[in-house]
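The chain contents come next:
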Amino acid sequence: MEKPAKQSNISPLNNEQSECTFSIVWQGAYCGFANEQGKMITPYKYEEAYKFSEERALVKVNKKYGFINKQGKQVIPIQYNHALSFIEGKTRVKLNGKYGLIDKEGKEITPLQYENAFCFSEGLASVKLHGKLGFIDMHGKIVIPIQYDDAYIFSEGLAKVKQNGKWGFINKIGIVVIPFQYDQADDFSEGLAGINKNGKCGFIDKQGKEKIPLIYDDAGNFKEGLANIKQKDKWGFIDKNGKVVIPLKYDYAISFRDELALITLKGKYGFIDKQGIEKIPLLYDDAWSFRHGLARVKLNKRWGFIDKQGKIVIPLIYDSALFFIEGLTRVELNGKYGFIDNRGKEIIPLVYDDAKYFNNGIASVKLYGKWLRINKQGEHIIKTINIHKQKE
């Protein structure tokens, strides 16, 4: 069974695109907002700031969060320990260890009473109170009682929930449509959900009917019409009728993404298509699935990137490389870190002792034992030391 990531209590409510007519501009350790003519609408006073979403921008002052409007006016007090950007007129906030929802005027939609609150999905979000989980709607109303030991997001109209050590599925009005009987369960994907019972995996439909028998030792979700399955220590792929369409002969196989699946055999990595044809030979020492048209691969202890035709587009010269985030990826060479774009151009020189991902246009980097922040031009937000200065 795939191990889905637990619902993050710091993730955005969903992936709605932010409004981009305003820019976040840094001066020293603080930032402010400029309009599209370049005129500052706020002073440089925020420790953190995020792009506008639904006419509101999340800002941080003295380790507290609040919101401003597009005139730069504070419209929701800067008082929260944590907050997210607005989605559909609502956001989740945390104050004194408790979570709740507020509207765009700062009015509480729900009391700040929950031990945790998770992402909205299909109009509902799970909340935790007294160690149990249930679901609220977008108005903050408890629509599914807070009674479950565990609960995940709604997917294709159903959510997996746990009670007395077993997993089942409920619909959006809280009716148990698939009984609590499984040791493990995945979210529904493409009409089917992977389930595990007594150590064996199979798939059920939304009525709980067993569509693919529980005969496999492990299984992933259906992606692009196929699911990766394991039997007798070998992996292959089945279709939604349970037919093996790619033989179980690989040491490991990952779900299809962009028509290709990553597979391993005898310590080597490559990619196959849905007919099982090896599109990128099994020659790499390590590899990751394709994202944004590129896959990072390793050969002879060096990392680089290939395209879907297997062409090397960024040379395999780096000691480490990460995924592309906000158009850049962190790379390491000879113990130094910097950032390159998807053509392999060095955007930020490899001069740092460590570096993190870019987030909202800012990345944390380490130089001479001190952490500081840089923007995508490589400019220091907090200038602790000149990068050309020799260590004393």
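Residues numbered from 1 in each chain as written. Predicted model: local features only at pLDDT ≥ 70, side-chain atom pairs only at ≥ 80, totals over all residues. Heavy atoms only, no water.

### Points about the overall build of the chain
Heads up, the rule is: Think of it this way: any DSSP run of H or I at least four residues long counts as a helix, any run of E at least two long counts as a strand, and we number them from the N terminus. We call a residue buried when its accessible area falls under 20% of the maximum for its residue type, exposed when it is over 50%, and partly exposed in between, using a 1.4 Å probe and counting protein chains only. Any two residues whose heavy atoms approach within 4.5 Å at even a single point are treated as in contact. Computed with a 1.4 Å probe, the accessible areas rest on the Shrake-Rupley method; for each residue, only the protein chains presented here act as cover. Only four residue types enter the charge count, namely Lys and Arg as positive and Asp and Glu as negative; His and the chain termini do not. To locate a charge, take NZ of a lysine, CZ of an arginine, CG of an aspartate or CD of a glutamate.
For the chain, the count of helices and strands is zero helices and 40 strands. Put simply, the chain has 392 residues, and 45% of those count as buried. Across the chain, every contact between residues at least 6 apart in sequence was considered, and the portion connecting residues at least 24 apart equals 29%. Summed over all atoms, the accessible surface of the chain reaches about 19300 Å², with 49% contributed by carbon and sulfur. One finds the centroid of the 60 positive side-chain charges in the chain at a distance of 3 Å from the centroid of its 46 negative side-chain charges.

### Considering the sheet that holds strand E18 (residues 184–185)
Note the cut-off: Two strands qualify as a pair provided that DSSP identifies no fewer than 2 bridges between them.
Taken together, four strands build an open sheet; the order of strands is E18-E19-E20-E21 and the sheet is antiparallel. Looking at which strands have only one partner, the edges of the open sheet turn out to be E18 and strand E21 (210–216). Relative to strand E19 (residues 193–197), E18 runs antiparallel, the two sharing two bridges. The partner of Gln 184 across the bridge, within E19, is Asn 196.

### With respect to empty space enclosed by the protein
Definition in use: Any residue with an atom within 4 Å of a point lines the site, the site being either a cavity, points on a 1 Å grid over the protein atoms alone where a 1.4 Å probe fits but cannot get out, or a pocket, an open set with protein on both sides within 12 Å along at least 5 of 7 lines. Grid points are joined across faces, edges and corners, and a volume is the space filled by probe spheres set on the points. Only Asp, Glu, Lys and Arg are considered charged, only Ala, Val, Leu, Ile, Met, Phe, Trp, Tyr, Cys and Pro nonpolar, and every remaining residue, Gly among them, polar.
Summed over the entire model, instances satisfying the criterion amount to one cavity of 30 Å³ or more. Approximately 60 Å³ is the volume found for the largest cavity. Along the walls of the largest cavity sit Ser 289, Arg 291, His 292, Leu 294, Ala 295, Arg 296, Phe 305, Phe 323 and Phe 324, which together make up its complete lining. Tallied by class, residues from the lining of the largest cavity come to five nonpolar, two polar and two charged.

### Here we look at the side chain of Asn 171
Selection rule: Distance and chemistry together define a polar contact, namely a pair of N or O atoms within 3.5 Å, with one atom able to donate a hydrogen and the other to accept it when in protein, and with adjacent residues in sequence counting only for side-chain atoms on both sides.
For Asn 171, the position within the fold is in the loop between strand E16 (166–170) and strand E17 (176–182). Among the residues examined, Asn 171 registers a relative accessible area of 18% and is labelled buried. Reaching out from Asn 171, the side chain makes a polar contact with the backbone nitrogen of Ile 173 at a distance of 3.1 Å. Excluding its chain neighbours within four sequence positions, the residues that come into contact with Asn 171 are Ile 144, Phe 154, Gly 157, Leu 158 and Val 177.

### Structural notes on the environment of Ile 246
Looking at the element boundaries, Ile 246 is found in strand E25 (residues 244–250). The class of Ile 246 is buried, set by a relative accessible area of 0%. Along the sequence, Ile 246 and Val 61 sit 185 residues apart, while their C-alpha atoms lie 55 Å from each other. Not counting chain neighbours up to four residues away, the residues in contact with Ile 246 comprise Leu 226, Gly 236, Phe 237, Phe 256, Ile 272, Asp 273, Lys 274, Gln 275 and Gly 276.

### Describing the sheet that holds strand E3 (residues 48–49)
The antiparallel open sheet is built from four strands, whose spatial order is E3-E4-E5-E6. Of all the strands in the sheet, the pair left with one neighbour each is E3 and strand E6 (74–80). Sheet topology places E3 next to strand E4 (residues 57–61); two bridges connect them, and they run antiparallel. Counterpart to Glu 48 in the pairing with E4 is Lys 60.

### Looking at the packing of aromatic side chains
Put simply, the rule reads: Any Phe, Tyr or Trp ring, taking Trp's six-membered ring, that has another such ring centre within 6.5 Å forms a pair; planes under 30 degrees apart are called stacked, those over 60 apart edge-to-face, and the others tilted. A ring is considered to have a charge above it if a Lys NZ or an Arg CZ atom is located within 6 Å of its centre and within 35 degrees of its normal.
Applying the stated rule across the entire model yields 15 aromatic pairs. One aromatic cluster is present, formed by Phe 22, Phe 33, Tyr 46 and Phe 52 through successive ring pairs. Across the ring face of Phe 52, the terminal group of Lys 70 is positioned such that the distance to the ring centre comes to 5.9 Å. Over the face of the ring belonging to Phe 323 we find Arg 296, whose NZ or CZ atom lies 4.3 Å from the ring centre.

### Brief notes about the nonpolar core
Keep this limit in mind: What is meant by a nonpolar core is a set of buried Ala, Val, Leu, Ile, Met, Phe, Trp, Tyr and Cys residues, joined one to another through side-chain atoms within 4.5 Å.
Of all hydrophobic cores here, the largest spans 13 residues; its most connected members are Phe 33, Tyr 46, Phe 52, Val 59 and Ile 68. For this core, the elements supplying multiple residues, two or more each, are strand E2 (30–34) and E4. Not counting residues within four places of it along the chain, the set of residues in contact with Val 59 comprises Phe 33, Tyr 46, Glu 48, Ala 49, Lys 64, Tyr 65, Gly 66, Phe 67, Ile 68 and Ile 78.

### Thoughts on the confidence of the model for the chain
Spelled out, the test is: Each residue carries a pLDDT value, the predictor's own confidence for that position, ranging from 0 to 100.
A residue-level look at the chain finds 92% of positions with pLDDT of 70 or above and a mean pLDDT of 91. Taken as a whole, residues 3–18 scores under 50 in pLDDT and shows 41 contacts with residues more than four places along the chain or in a different chain. Note on residues 383–392: pLDDT is under 50 here. Beyond four places in sequence and across chains, it has 13 contacts.

### Side note on the side chain of Asp 273
Within the secondary structure layout, Asp 273 lies in the loop between strand E28 (268–272) and strand E29 (278–284). Engagement of the side chain of Asp 273 in a polar contact is seen with the backbone nitrogen of Ile 277, the distance being 2.9 Å.

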